[in-house]
Amino acid sequence: MALTKVFVPGDAAAVSVGADEVAAAFEAAGASVVRNGSRGMLWLEPLVEVESDRGRIGFANVEVADVLDLVSSRSHSDLLNHPGCVGVVDEHPWLTSQRRVSFARVGVVDPASIADYEAHGGWAGLRRALSLSPAEVVQEVTDSGLRGRGGAGFPAGIKWKTVLETASELKFVACNFDEGDSGTFADRMVVEGDPFTLIEGMTIAAHAVGATEGYVYVRSEYPHAVAALRRAIDAAYTHGYLGADVLGSGHSFDLHVRVGAGAYICGEESSMLDSLEGKRGEVRAKPPIPAISGLWGKPTAVNNVLTLCAVPMILADGGAAYAALGTGRSRGTQVFQLAGNIKQGGIVELPFGVSLRELVDHYGGGTLTGRPARAAQVGGPLGAYVPASGFDVPMDYEAMAEAGAMLGHGGIVLFDETVDMARMARFAMEFCSIESCGKCTPCRVGSTRGVETIDRIIAGQDVQANLVLLDDLCDTMTKGSLCAMGGLTPMPVQSAIKHFPEDFEREVAPG
Amino acid sequence: MTTAAATDRVALVRAIAQQHLTERGPLLPVLHEVVEELGHVAREDVEAIADVLNLSVAEVHGVVSFYHDFRTTPPAAHRVALCRGEACQSVGAEELYAETRGRSADLGDGVEIAEVFCLGNCALGPSGTVDGRLHGRLSADRIDALTEGWR
Ligand SMILES: Cc1cc2nc3c(=O)[nH]c(=O)nc-3n(C[C@H](O)[C@H](O)[C@H](O)COP(=O)(O)O)c2cc1C
Ligand code: SF4
Ligand code: FES
């Protein structure tokens, strides 16, 4: 059976473990290769899929040495007997038990093909949006209950309404694709695997708020995503989805990609706006809010990648369909990212409300090392450490807040029993001292003091007194910082102390 | 002290800046291109950029110094950047980083070992880049293999 078509992910994670070499080997062997996105089963990468009349059959952890064997397979049973075979990928229980909305096309379609996008339901949301008035589009998004996925969870519809109602000849849509949190990669994967969804979401947002220009601010650590997005934007212009007259509607929308320059703080929206304007990425005091005075002082809708990528589906199927998923005030799905010391890391998209334990144990399969899990940090470097005993917490905004934690951008970093929580607390302070924009003292100086204080605690010097000092310091940072960088750094620190006091009170031999 | 090379450099930098003049907020794209073409942002580049973009030298300098990406010294011949983010730490990144720094000279002449905080490859850590290319599941042995040609 000659191979007709194989899918070898071009996703950066797959590439990081050899997918480019595997793709080249398939091409050299005469196969026709599509560089799809990743299915999000990252522990299986490179996960190669071979097209067959029974569907796309997957092969895990393929190496160059496996390629000839796969190419020369004569029959289905040959293929199915290959040691890395995981069966028909679309029937894999890890995928079929998820509820993929924002990630529905990722890994399935060819991200370079605008025709493929359309064939898989693309542009339906934009077409419907253009048939509605801006206020109707905003209402649909409000009805969906969609909240910002960048971390703060602010209702997208309310933000858009403010931009829409602020009169100005020039307005902007700005996409926050800075994704600086450790343990998060969903923005990257959706853009690399399905870039047209972001373009469609931004074009709908532009129509809704009355913007004619859009900017995507991508971190420089993501060159694959930048390339995928630029290629897709070019195709969208060619096919009339961007430009002076979007789909003949008379609306004009131009979309630009801008690359960040290695500063975590530029993920904070006002810092990002300054960076887009070509300035130092320092945090602006609020008010004014960006929705009223954003880029170059004009009304600007700033949203995270995943927020914008949920919009096409909301417009295509209606806000009510999206709101039917989820729980309480957390509507729709959340794209969870399983990372760190985890056996089965990757993307799990499910309605809000699933427990952390189900994500870590059932989907994640426990730790990579096989040792008992001790803690998970949820929501990035500013998120709390949750002890294994607390993993039953439901993953929604309110329940997490009640548990003294936050969902953030949905990243989950698992640690096994060997983790030293005093060291992780020290790192939180160190990270803050490195990445602080320097504008306010509690953050800039407090974080450096924090590192020194934890160093003394680790060395066993006046532990009780230094713990009190550290607590005071955290209090000052929480109350006195201009933004969440300084304001939330105490979260990982204090949660580590609260749940793992033994790591901070080790016996040190008197000397 | 204007050598031909220095004049060429300034001309190139001015041309880069010129190309971005029609964009809104062109400074970051200009600086990125200068680093890409010339390896770093030199003192004279700052002046040329400020002049073309009609900004003050202090303003351009302030931006250059704010961002990690805009280096002001020529880059090393080779660069290994290892992730120190929490997810990579959970699978041994701190040890790998310390150990790799300790033996950078063994990897080859003019090798720079740098730290980064998250490359978006947090399920396949420890992650890092070797001369700009992303790698996952790094170990000391893997770094040896990837840098073999440098020795
Ligand atoms: C220190 C800091 C870093 C942040 N980093 C990001 C980021 O990388 N990506 C993001 O979308 N939002 C980030 N945010 C949140 C943004 O400030 C903002 O809330 C978000 O872009 C709004 O979009 P949304 O409502 O769609 O979430 C960060 C906030 C802070 C304080
Ligand atoms: S809290 Fe830190 S990062 Fe935020 S504005 Fe203040 S100094 Fe800048
Ligand atoms: S924490 Fe290392 S790649 Fe994200």
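Computed from a prediction, not measured in an experiment: that's the story for all the values here.

(A) Layout of the environment of A232 of chain A. Residue and element names in this part refer to chain A. The topology assignment puts A232 in helix α12 (residues 223-238). According to the relative accessible area criterion, A232 is buried, its value standing at 2%. The spatial distance from the C-alpha of A232 to the C-alpha of F196 is 6.3 Å, given a sequence separation of 36 residues. With residues near it in sequence (within four places) discarded, A232 still touches P195, F196 and I199.

(B) Representation of the interface of chain B and chain A within the structure. Listed as interface residues are 38 residues of chain B and, on the opposing side, 63 residues of chain A. In total, chain B and chain A occlude about 3,700 Å² of area from one another, counting both sides; carbon and sulfur atoms represent 55% of this. Three residues stand out in chain B for area buried against chain A, namely R24, F66 and E86 of chain B, and they jointly supply 21% of the buried area on that side. Run the count over chain B and chain A and you get six salt bridges. A salt bridge links R133 of chain B to D20 of chain A, with the shortest nitrogen-to-oxygen separation between them at 3.9 Å. Counting across the interface, chain B meets chain A through 22 residue pairs in polar contact (both at pLDDT 80 or more). Considering only residue class, the side of chain B that touches chain A consists of 16 nonpolar, twelve polar and ten charged.

(C) Region of interest: the packing of helix α11 (residues 195-209) of chain A against helix α14 (residues 305-317) of chain A. Residues and elements named next belong to chain A. At their nearest, the axes of α11 and α14 sit 7 Å apart, and the two run at 80° to each other. Taken together, the axis directions place α11 and α14 in an arrangement best described as roughly perpendicular. Every residue of α14 that contacts α11 at T197, L198, E200, G201, M202, I204 and A205 is listed here: V305, L308, C309, V311, P312 and L315. By residue class, the composition of the contact of α11 with α14 is ten nonpolar, two polar and one charged.

(D) Structural detail: the confidence of the model for chain B. Averaged over all residues, the pLDDT of chain B equals 95, while 99% of them reach at least 70. Of the two predicted TM-score estimates for the complex, the pTM is 0.97 and the ipTM is 0.96.

(E) Seen up close, the domain arrangement of chain A. When the domains of chain A are assigned, the result is domain 1 (5-96), domain 2 (114-323), domain 3 (326-416) and domain 4 (421-503). For domain 1 of chain A versus domain 4 of chain A, the separation of C-alpha centres amounts to 46 Å.

Conventions used here
Throughout this document, residue positions are counted from 1 along each chain, in the order its sequence is written. Chain letters and ligand numbers both follow the written order, the letters beginning at A and the numbers at 1. It should be noted that, the model being predicted, local features are given only for residues of pLDDT at least 70 and side-chain atom pairs only at 80 or more, the latter also being counted only at that level, while totals for whole chains, interfaces and linings use all residues. The side-chain values count all of the structure's non-hydrogen atoms but skip hydrogen atoms and water molecules. Secondary structure is summarised from DSSP: a helix means a run of H or I of at least four residues, a strand means a run of E of at least two, and numbering begins at the N terminus for each. Using a 1.4 Å probe on the protein chains alone, a residue whose accessible area is under 20% of its type maximum counts as buried, one over 50% counts as exposed, and one in between counts as partly exposed. By the convention used here, residues are in contact when the closest approach between their heavy atoms is within 4.5 Å. Buried area counts how much accessible surface, traced with a 1.4 Å probe, disappears from two parts once they are put together, with both parts' losses summed. Only one rule defines a salt bridge in this text: a Lys or Arg side-chain nitrogen within 4 Å of an Asp or Glu carboxyl oxygen. In protein, a polar contact means a hydrogen-donor-capable atom and an acceptor-capable atom, both N or O and within 3.5 Å, with residues adjacent in sequence counting only if both atoms are side-chain atoms; elsewhere, any N or O pair within 3.5 Å suffices. For this scheme, ten residues count as nonpolar: Ala, Val, Leu, Ile, Met, Phe, Trp, Tyr, Cys and Pro. Four count as charged, namely Asp, Glu, Lys and Arg, and the remainder, Gly too, count as polar. Here, axes are lines fitted to C-alpha atoms. For helices the fit covers the stretch in contact, and angles between N-to-C directions go from 0 to 180 degrees. Angle categories: roughly parallel below 35 degrees, roughly antiparallel above 145, roughly perpendicular from 65 to 115, and oblique for all the rest. For every residue, the predictor states its confidence as a pLDDT score lying anywhere from 0 to 100. Note that the domain bounds reflect an automated or database-derived domain assignment.

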